[in-house]
Amino acid sequence: MSCSGYMALEYAIDGLFSIKSDVFNFGIPLLEIIRGRKNIGFFHPNHCGSLIEHAWRLWKEGNPFDVIDDFLEESSNVSRILRCIHISLLCLQQHPDERPNMSFVVLMLGSKNELPQPKRSGFLFYKNSLEPDSSSSNHKSSSRNEISVSLLEGR
């Protein structure tokens, strides 16, 4: 399951919208600008999932430089871009109450103050190998469910 485009997770699943949904919506295009690719239709040969999942994985692995588009990396202040990646991941946190409000985002973009560490992104629905598994001894194989849909039409 994933969210379409720029839709915050809590809106896509529960229909809940708040000012923190807008913060989430800001984080995606910020990340798209840095990477030079859209979130929808993102493909990376070594990672499955969205651009957000890819950026989060690289952040957790300590490789945020790999998120930056080559052209942007050559023509810009890399430390400033890394800060923008950090802010983007803060905006994309799974729980709305963990996301900063937009006035704090603007403050973070314009300052050099230390930033809090981002928590899990709202787009991660797979088992993350970077985080410990409490049930590692209980491995079960998974299967793909095949379903068919029948449309009923009146006579």
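Here, every reference points to the structure presented above.
What counts and how
Think of each chain on its own: its residues are numbered from 1, step by step along the sequence as written. The predicted origin of the model limits local features to residues at a pLDDT of at least 70 and limits the giving and counting of side-chain atom pairs to 80 or more, whereas totals for whole chains, interfaces and linings rest on all residues. Hydrogen atoms and water are omitted, and side-chain values are computed over all heavy atoms in the structure. The numbering of helices and of strands both runs from the N terminus, where a helix is a DSSP run of H or I of at least 4 residues and a strand a run of E of at least 2. Multiply 1.5 Å by the residue count of a helix minus one, and that product is the helix's expected span. Here a polar contact means two N or O atoms within 3.5 Å. Within protein one must be a hydrogen donor candidate and the other an acceptor candidate, and residues neighboring in sequence count only if both atoms are side-chain atoms. The rule for a salt bridge is simple: a side-chain nitrogen of Lys or Arg has to be within 4 Å of a carboxyl oxygen of Asp or Glu. For each residue, the accessible area found with a 1.4 Å probe, counting protein chains only, is set against the maximum for its type, and the residue is called buried under 20%, exposed over 50%, and partly exposed in between. Should any heavy atoms of two residues lie within 4.5 Å, those residues are counted as being in contact.

Quick word on helix H2 (residues 19–35)
Taking 1.5 Å as the rise per residue, H2 with 17 residues should run 24 Å; its terminal C-alpha atoms sit 25 Å apart, in good agreement. The distance from a side-chain oxygen at the start of H2 to the backbone nitrogen of lysine 20 is 3.1 Å, and the residue carrying that oxygen is serine 18. Remark: glycine 36 follows H2 within two positions and exhibits a positive phi of approximately 80°.

Things to note about the pattern of salt bridges
Under the counting rule described, the total for this entry stands at 1 salt bridge. The shortest N-O distance in the salt bridge between glutamate 98 and lysine 119 comes to 3.9 Å. Taken together, the positions of glutamate 98 in the loop between helix H5 (78–91) and helix H6 (102–110) and lysine 119 in the segment after H6 put the pair 21 residues apart, joining distant regions of the chain. A residue is classified by how much of its surface remains accessible, and glutamate 98, at 29% relative accessible area, is partly exposed. The exposure class assigned to lysine 119 is partly exposed, which follows from its relative accessible area of 46%.

Regarding helix H3 (residues 51–60)
Counting buried positions over the 10 residues of H3 gives 9, a clear majority of the element. Buried within H3 are the following residues: Leu51, Ile52, Glu53, His54, Ala55, Trp56, Arg57, Leu58 and Trp59. The secondary structure elements touched by the buried residues of H3 are H2 and H5. Of the residues one or two after H3, glycine 62 is the one with positive phi, at around 80°.

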